[in-house]
Amino acid sequence: MISPLEVFSDLSERLHYNLPDFPLYVRKDKLLQYGYAAACHWHPDLEFILVLDGAMDFFVNGKTVHIEAHDGVFVNSKRLHYGFSTDKTNCSFIAVVIHPVLLFENSQAVKVYLDQKFGSDSSDFISLTPKIDWQQEALLLLSKIYDEMHSDTRNPLRLVSQAVCLCAHMGDHIQRTSGYRVDSQLQTIVWKMTGFIHQHYDRKITLDDIAASGAVCRSKCCELFNKYVGQTPNTYVLRYRITKSCDMLRETNRTVCDIAITCGFQSASYFSYVFRSEIGLTPQNYRKKITVSSIPQND
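This write-up is about the structure you can find in this document. All of these numbers come straight from a predicted model, not from anything done at the bench. (Residues numbered from 1 in each chain as written. Predicted model: local features only at pLDDT ≥ 70, side-chain atom pairs only at ≥ 80, totals over all residues. Heavy atoms only, no water.)

## Topic: the pairing of strand β9 (residues 92–98)
Here is step 1: For β9, the buried fraction is high: seven of the seven residues fall into the buried class.
Here is step 2: What you see with β9 is no split at all: Ser92, Ile94, Val96 and Ile98 on one side and Phe93, Ala95 and Val97 on the other are buried throughout.
Here is step 3: Examined bridge by bridge, strand β4 (residues 46–53) and β9 share seven bridges and lie antiparallel to one another. Pairing of Glu47 across the sheet is with Val97, part of β9. (Buried < 20%, exposed > 50% of the residue type's maximum accessible area, 1.4 Å probe, protein only. Helix = DSSP H or I, 4+ residues; strand = E, 2+ residues; numbered from the N terminus. Pairing = 2+ DSSP bridges.)

Rendered as structure tokens:
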């Protein structure tokens, strides 16, 4: 597995869930794994992050929230999001991602409730802190879900129960949006443009190519990226290539030259220059450091 994410035909992200046919993704990770900035992406799943140590900033649909150790964030369905550290400080965290199918989405009563609570008219995210009782309970549930998923005596029924309870907490407290709302049509255009980059990052990509994938002009393309992604299109392309190269450096024995070409860089020297500028380490040193500090996973 190179990355926990792939692209669906609708340009949302496909997660590699821990168990086949059990749509629950549970992973302990470090921000260094992604070069201090994950790729901006979206999916229909509900996502929860619990920071174990360090801190990170988390971008959701044009807004950024800071998360300290022992705090967390809930990210609503179909929102563009990613975690990052501008000052390149590492951060350990637990990610729990729950697909609506696990919440009995096929039940009409549940479907109506999910649409009402987690649709486009509800808040994009909820910051979670142990200082508030119900949020502390939610954060404890995240730890319990992680422990249960990686237990030798894993009980899938308990995992379902914990996941449902966690989402029920969010449903009880999530708010309907007022004032600012994301334009779904414009958001779909952004999804198309980021999806185009995800599918073609290994080739030469121009601003014209990105704009054309969303059927907009160059200036509109830049405007939408700045508003919904918080980056310019070219910066997004560069960061996505760096993220993919981090995957390959971490998970394969491919040479730096091979990885550079595979990720769309013109040469190994240029790749090394950009990588060091973005990560603060050469690709070789990143590979050594991540090998030493990697966290064993039981996916």
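## Looking at the sheet that holds strand β3 (residues 24–30)
Here is step 1: Across the sheet, five strands lie side by side as β3-β9-β4-β7-β10; this open sheet has antiparallel pairing. Both outer strands of the open sheet, β3 and β10 (125–128), are each paired with one neighbouring strand and no more. Mean inter-strand twist for the sheet, computed between neighbouring axes without regard to direction, equals 15°.
Here is step 2: Pairing of strand β7 (residues 72–75) with β10 involves four bridges; the strand directions are antiparallel. In the sheet register, Phe74 faces β10, and the bridge partner there is Ile126.
Here is step 3: Relative to β4, helix α3 (residues 156–173) is tilted by about 100°, and along the sheet it contacts β3, β4, β7, β9 and β10. (Axes fitted to C-alpha atoms, helices over the stretch in contact; angles between N-to-C directions. Contact = heavy atoms within 4.5 Å.)

## Comments concerning the sheet that holds strand β6 (residues 63–68)
Here is step 1: If you walk across this open sheet you meet the three strands as β6-β5-β8, and the pairing is antiparallel. The outermost strands of the open sheet, each flanked by one partner alone, are β6 and β8 (81–84). Pairs of neighbouring strands in the sheet enclose a mean axial angle of 25°, with direction left out of account.
Here is step 2: Judged from the four bridges that link them, strand β5 (residues 55–60) and β8 form a sheet pairing that is antiparallel. Considered in β8, the bridge of Phe58 is made with Gly83.

## A few points about the packing of helix α7 (residues 233–251) against helix α9 (residues 268–279)
Here is step 1: One way to put it is that α7 packs onto α9 with a least axis distance of 11 Å and a crossing angle of 95°. The pairing of α7 with α9 is recorded here as roughly perpendicular in orientation. Contact with α7, carried on its side by Leu238, Arg239, Ile242, Ser245, Cys246 and Leu249, involves Phe271, Val274, Phe275, Glu278 and Ile279 of α9 and no other residues of that element.
Here is step 2: Class assignment of the residues belonging to the contact of α7 with α9 gives a composition of eight nonpolar, one polar and two charged. (Parallel < 35°, antiparallel > 145°, perpendicular 65-115°, else oblique. Nonpolar A, V, L, I, M, F, W, Y, C, P; charged D, E, K, R; others polar.)

## Description of the side chain of Gln135
Here is step 1: The residue Gln135 is located in helix α2 (residues 133–149) in this model.
Here is step 2: Under the relative-accessibility criterion, Gln135 is labelled buried at 6%.
Here is step 3: When sequence neighbours within four positions are dropped, the list of residues in contact with Gln135 reads Ile126, Ser127, Leu128 and Thr129.

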